[in-house]
Amino acid sequence: MRELPLPLALTVRLLPVAVLASAGWALSSGPFAATPAGEQDPARNNAAGSGSGSGSGSDESAPSASAAAKAYSQAPAPCSGISEKTVKSLVPEAKTAGQEITSTDKAVRRTCSWNALKGFDYRWLDVSYEIKNSDDKALTAYEQRVKEKSGGGAVPGLGDTAYSVVNLTTEDKQQTREGAVIARVSNALVVVTYNGSDFENKKAPGTDEINKGAIRAAKEAVAALGDAQ
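Attention now goes to the state of the cysteines. For the structure shown, the criterion picks out one disulfide. A sulfur-sulfur separation of 2.0 Å characterises the disulfide bridge that pairs Cys79 with Cys112. Residues Cys79 and Cys112 are joined through a disulfide that is right-handed, its torsion about the S-S bond being 95°. Taken together, the positions of Cys79 in the loop between α4 (57–68) and α5 (84–90) and Cys112 in strand β2 (residues 109–118) put the pair 33 residues apart, joining distant regions of the chain. You can call Cys79 buried: its relative accessible area is 18%. Take Cys112: its relative accessible area is 0%, and that puts it in the buried class.

Encoded structure:
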């Protein structure tokens, strides 16, 4: 195979994951940027504190409703959310164990990343879990991200609600196509980004390939969220 000089975009993408971790999110800026880590809900705390009042039947129902609003108390291990088979299929040559990105609070946000170059064909996959204080907070965050990442469509049968979008970018004549899937399950968000480039012909993988890959990873990640409940 003839050797070609690697473009600047590839050099940047092949920086150690540890360096990328300092930014908080690998390839997840803009609408996928991290929200403040330690969320607090004073209303819920007050409700919990007042729940030990009288022993009447009507009073007992309030704490139960409050507890039910938070189905997930912490984020699962993100690198266990995707099977080895799927990692090998979506990110050939990547280490299947993945690399967890440093988080300021693992109870509410965890991310795992896989990336590899096979020949001149490059792939990158991120899977993130975010735990909110209630279903309403998760829904608000979900709707805001969908609004900021317009142009996609719903993914039926994934979580309580899910959305996918694929975008093509070109830098220095090098194409990169990225797919994103955002899914909400009760008070949890699952965010998947999957992208690829061919650094020999400077083309990007097809929209269908990237979209299906992102959805495949998202389905496994959502299932893993349920297992960790």
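Further remarks concern the pairing of strand β6 (residues 174–185). Summarising burial for β6: 12 of the 12 residues are buried, a large majority. Side chains Gln174, Thr176, Glu178, Ala180, Ile182 and Arg184 of β6 all project onto a buried face; the interleaved residues Gln175, Arg177, Gly179, Val181, Ala183 and Val185 project onto the opposite face, where all are buried too. Between the end of strand β5 (residues 161–171) and the start of β6, which pair antiparallel, lie two residues, with Asp172 showing a positive phi angle near 55°. Strand direction decides the pairing type here: β6 and strand β7 (residues 188–198), joined by nine bridges, are antiparallel. Within β7, the residue paired with Gly179 across the bridge is Tyr194.

Before going further, it helps to examine unusual backbone geometry. One non-glycine residue, Lys173, lies in positive phi territory at about 70°. Mapped onto the fold, Lys173 is located in the loop between β5 and β6. Overall, Lys173 belongs to the exposed group, its relative accessible area being 69%. Even without a glycine there, the phi angle at Lys202 is positive, about 65°. Inspection of the secondary structure puts Lys202 in the loop between β7 and α7 (207–227). The exposure class assigned to Lys202 is partly exposed, which follows from its relative accessible area of 31%.

This next bit is on the pattern of salt bridges. When their charged atoms lie close together, side chains carrying opposite charge are able to pair. Counted by the stated rule, this structure contains seven salt bridges. Put simply, Glu100 and Arg110 hold a salt bridge, and the shortest N to O gap is 2.8 Å. Within this pair, whereas Glu100 is found in strand β1 (residues 99–101), its partner Arg110 is found in strand β2, the two being separated by 10 residues in sequence. Arg110 gets classed as buried once you look at its relative accessible area, which sits at 16%. Residue Asp160 is joined to Arg184 by a salt bridge in which the shortest nitrogen-to-oxygen separation is 3.7 Å.

All right, on to the pairing of β5 then. Where strand β4 (residues 153–154) lies against β5, two bridges are found, and the strand directions are antiparallel. Each residue of the ladder has a partner; that of Gly153, found in β5, is Ser164. Linking β4 to β5, which pair antiparallel, is a turn of six residues; within it Gly157 sits at a positive phi near 80°. Of the pairings in the sheet, the one linking β5 to β6 comprises 11 bridges and is antiparallel in character. Considered in β6, the bridge of Asn167 is made with Glu178.

Parameters at a glance
Residues numbered from 1 in each chain as written. Predicted model: local features only at pLDDT ≥ 70, side-chain atom pairs only at ≥ 80, totals over all residues. Heavy atoms only, no water. Disulfide = S-S within 2.5 Å. Helix = DSSP H or I, 4+ residues; strand = E, 2+ residues; numbered from the N terminus. Buried < 20%, exposed > 50% of the residue type's maximum accessible area, 1.4 Å probe, protein only. Pairing = 2+ DSSP bridges. Salt bridge = Lys/Arg side-chain N within 4 Å of Asp/Glu carboxyl O.

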